Amino acid sequence: MTALEVSDVSHSFGKLKALDHVSLAVGEGQFTALLGINGAGKTTLFSLITRLYDNITGTIKVAGYDVRRQPGPALARLGIVFQTRSLDRDLTVRQNLFYHAALHGMSRGDTRARTAEMIERVGLSDKLDARVSTLSGGQSRRAEIARSLMHKPRLLLLDEATVGLDVKSRLDVAELVRGLIRDEGVAVLWATHLLDEVQPQDNVAILHQGKILTAGTARDIAGKSTLEQAFLSLTGVEEGVL
Amino acid sequence: MSGTPLGWRGRMRALYGIIWREALRFAKQRERFLSALVRPLVWLFIFAAGFRSVLGLSITPPYETYVLYEVYVAPGLCAMIQLFNGMQSSLSMVYDRETGAMRTFLVSPYPRWFLLSAKLLAGVVVSILQVYAFLLVAWFWGVDPPPLGYLTVLPALVLSGLMLGAMGLFLSSTIRQLENFAGVMNFVIFPMFFASSALYPLWRMKESSILLYDICRYNPFTYAAELIRFGLYGQINWLALAVVVGATAVFMGGAIYAYDPSKGMLGRKSG
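## Description of the pairing of strand E1 (residues 2-13) of chain A
Residue and element names in this part refer to chain A.
Then step 1. Summarising the sheet, E1 and strand E2 (residues 16-27) pair through eight bridges and their orientation is antiparallel. If you follow Glu5 over to E2, its bridge partner there is Ala25.
Then step 2. Connecting E1 to the antiparallel partner E2 that follows it, the hairpin turn spans two residues, and Gly14 within it adopts a positive phi of roughly 60°.
Then step 3. Pairing geometry for E1 and strand E4 (residues 57-62), over five bridges, is antiparallel. Of the residues in E4, the one forming a bridge with Leu4 is Val62.

In structure tokens, the structure reads:
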């Protein structure tokens, strides 16, 4: 079964066509990078998958559940790390995780056990009772990843998760997510405009001006050139944009 | 296999979590609590003291004797606390919508109507805490309804809180111009508060202007204030009850519609 299946989805804001017949699949436990420059439509696609907007045409399925017809089971199997910081800054890390667990109907016992497990996994055990406002950028990103996995989703969406982080934190976050795929078996859709986060064996889909230009492994897309060169020639954007 | 229980057991946990978070946030924001308490007390201590000599009140239900103006105005001030709280919490939802906080909330697997109702209920719980704190201080100021009244006013406060919260939710989700609090003060809170029975009985209003009297009669806030006033004296004002329940249903229906991803404004917003 596929963790995410997007078929022929289009979405417009007034006259602006943000997504144009987009199709995309992410297999169970797979890492897929969604590459695109800012404004390509990545955030719109994520908003449709999370049902923040309704998918006007086409279908989106999470772990086999149509997000429009069966939003409950679909959202229950979905975890997300948003581009903007979304932890409650006035509360502690623990309180944020508990709130999220409650929103997913988790029992107290499960919540405690899973909190201990995830917080250790992201390496923030000593920060559990710290206010979010005292965390660094990288730490709060990791806390958000822990939160998104509290309810054991089958699919994890990350929207530009490493933007605004220093090089070390970026590598840490990317490494953490790849480790989670191994340990938790969760599938990941990783939206980014930073090509160096993609490894040759990764699945890649290139989104540009609302259209999927190509999909395949990074190695195949790059061919004899580099992924960056392939990306630039496919999208026609200037090198400085990346 | 996902561990999320989608039935009622899970929903109750979500409801509990939403109320818990709201109360926690409120406890951490001391200034918010203080200003929520000071506002009605200023009205009670200063405005009512000055007004008391100007305004004579005849015996109007639910009061059985002549009452001091402070006593008359206290239930209206309870309603004002809830009005402010309702508008404030729904405005914070508008701000939240721009940031991730609202998204985090809306990706919960439970239906939107349930989440919005839970959010609304959490706001009502907070507003009731504020009202009781106010009533406690007012008691020392000579506003002393029958002891049982503190209990019988509770259902009235729940209903009026729901109505005013739902109204805030509806207004904030539909009217974009209301995104700053000054606008809300001018165009919602002040007109609703002044053109109601909160500060003066409606028969007083009738003496000065029939038009104003009619406006007050069609203002749902009047009925919230009256429901609380009667509740505080162990009585039920059936008309007020009917209007408050009806208005809650209308506002809530509108808010749920506006937050529905396939119909309301969320889907039209660019981003």
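## Thoughts on the domain arrangement of chain A
Residues and elements named next belong to chain A.
Then step 1. The assigned domain composition of chain A is domain 1 (2-77 + 153-237) and domain 2 (86-152).
Then step 2. Relative to domain 2, the C-alpha centre of domain 1 lies at a distance of 24 Å.
Then step 3. Carbon and sulfur atoms supply 64% of the area that domain 1 and domain 2 bury against each other, a total of about 1300 Å² over both sides.
Then step 4. A per-residue breakdown of the area domain 1 buries against domain 2 is headed by Pro153, Leu176 and Glu184, which together make up 40% of the total.
Then step 5. Inspection of the domain 1/domain 2 interface yields two salt bridges.
Then step 6. Between Glu184 and Arg114 there is a salt bridge, with the nearest N and O atoms lying 2.8 Å from each other.
Then step 7. Along the contact surface separating domain 1 from domain 2 lie three residue pairs in polar contact (both at pLDDT 80 or more).

## Looking at the interface of chain B and chain A
Then step 1. At the junction of the two partners, chain B supplies 39 residues and chain A supplies 38 residues.
Then step 2. Between chain B and chain A, roughly 3300 Å² of surface is buried when both sides are summed, and carbon and sulfur atoms account for 59% of that area.
Then step 3. At the boundary of chain B with chain A, the tally comes to two salt bridges.
Then step 4. Residue Arg21 of chain B pairs with Asp88 of chain A through a salt bridge whose shortest N-O separation is 2.8 Å.
Then step 5. Grouping the amino acids of the side of chain B that touches chain A by side-chain chemistry returns 17 nonpolar, 14 polar and eight charged.

## Details of the side chain of Glu22 of chain B
All names here are of chain B.
Then step 1. You can see Glu22 is positioned in helix H1 (residues 8-28).
Then step 2. Overall, Glu22 belongs to the buried group, its relative accessible area being 11%.
Then step 3. Those residues in contact with Glu22 that lie beyond four places of it in its chain are Ser89, Lys119, Ala122, Gly123 and Val126.

## Some remarks on the sheet that holds strand E3 (residues 31-35) of chain A
Residues and elements named next belong to chain A.
Then step 1. Spatial strand order, E6-E7-E8-E3-E9-E10: six strands in an open sheet with mixed pairing. With one partner strand each, in any of the chains shown, strand E6 (78-81) and strand E10 (211-217) form the two edges of the open sheet. Sheet twist, expressed as the mean angle between neighbouring strand axes with direction ignored, is 15°.
Then step 2. Across five bridges, the pairing between strand E7 (residues 155-159) and strand E8 (residues 187-192) is parallel. When the bridges of E8 are listed, Leu157 appears paired with Leu189.
Then step 3. Helix H5 (residues 137-148) rests against E6 and E7 of the sheet, and its axis sits at about 170° to E6.

## So, the packing of helix H3 (residues 93-103) of chain A against H5 of chain A
Each packed pair of helices is defined by two parameters, the angle between the axes and the distance between the axes.
Residues and elements named next belong to chain A.
Then step 1. One way to put it is that H3 packs onto H5 with a least axis distance of 9 Å and a crossing angle of 30°. The angle between the axes of H3 and H5 places the two elements in the roughly parallel class. Both H3 and H5 take part in a crossing whose hand is right-handed. The residues of H5 that touch H3, namely those facing Val93, Asn96, Leu97 and His100, are Ala143, Ala146 and Arg147.
Then step 2. Here the contact of H3 with H5 is built from residues that sort into four nonpolar, two polar and one charged.

## Notes on the environment of Arg32 of chain B
Residues and elements named next belong to chain B.
Then step 1. As for its placement among the helices and strands, Arg32 is situated in helix H2 (residues 30-54).
Then step 2. Between the alpha carbons of Arg32 and Leu129 there is a distance of 13 Å; along the sequence they are 97 residues apart.
Then step 3. Once you skip the residues sitting within four places of it in the chain, Arg32 turns out to touch Phe26, Asn85, Gln88 and Val126.

## Some remarks on the state of the cysteines
Then step 1. Tallied over the entire structure, the rule returns zero disulfides over all chains.
Then step 2. The closest cysteine sulfur to the non-disulfide-bonded Cys78 of chain B is located on Cys216 of chain B, 19 Å from its own sulfur.

## Notes on unusual backbone geometry
All names here are of chain A.
Then step 1. The residue His21 is not glycine, and still its phi comes out positive at about 50°.
Then step 2. Although it is not a glycine, Ala63 sits at a positive phi angle of roughly 50°.
Then step 3. Tracing the sequence through the fold places Ala63 in the loop between E4 and strand E5 (65-66).

Calculation notes
Residues numbered from 1 in each chain as written. Chains lettered and ligands numbered in written order. Predicted model: local features only at pLDDT ≥ 70, side-chain atom pairs only at ≥ 80, totals over all residues. Heavy atoms only, no water. Pairing = 2+ DSSP bridges. Helix = DSSP H or I, 4+ residues; strand = E, 2+ residues; numbered from the N terminus. Domains from an automatic or database assignment. Buried area = accessible area lost by both parts, 1.4 Å probe. Salt bridge = Lys/Arg side-chain N within 4 Å of Asp/Glu carboxyl O. Polar contact = N/O pair within 3.5 Å; in protein donor to acceptor, adjacent residues only side chain to side chain. Contact = heavy atoms within 4.5 Å. Nonpolar A, V, L, I, M, F, W, Y, C, P; charged D, E, K, R; others polar. Buried < 20%, exposed > 50% of the residue type's maximum accessible area, 1.4 Å probe, protein only. Axes fitted to C-alpha atoms, helices over the stretch in contact; angles between N-to-C directions. Parallel < 35°, antiparallel > 145°, perpendicular 65-115°, else oblique. Left-handed = near helix turned anticlockwise from the far one by under 90°. Disulfide = S-S within 2.5 Å.

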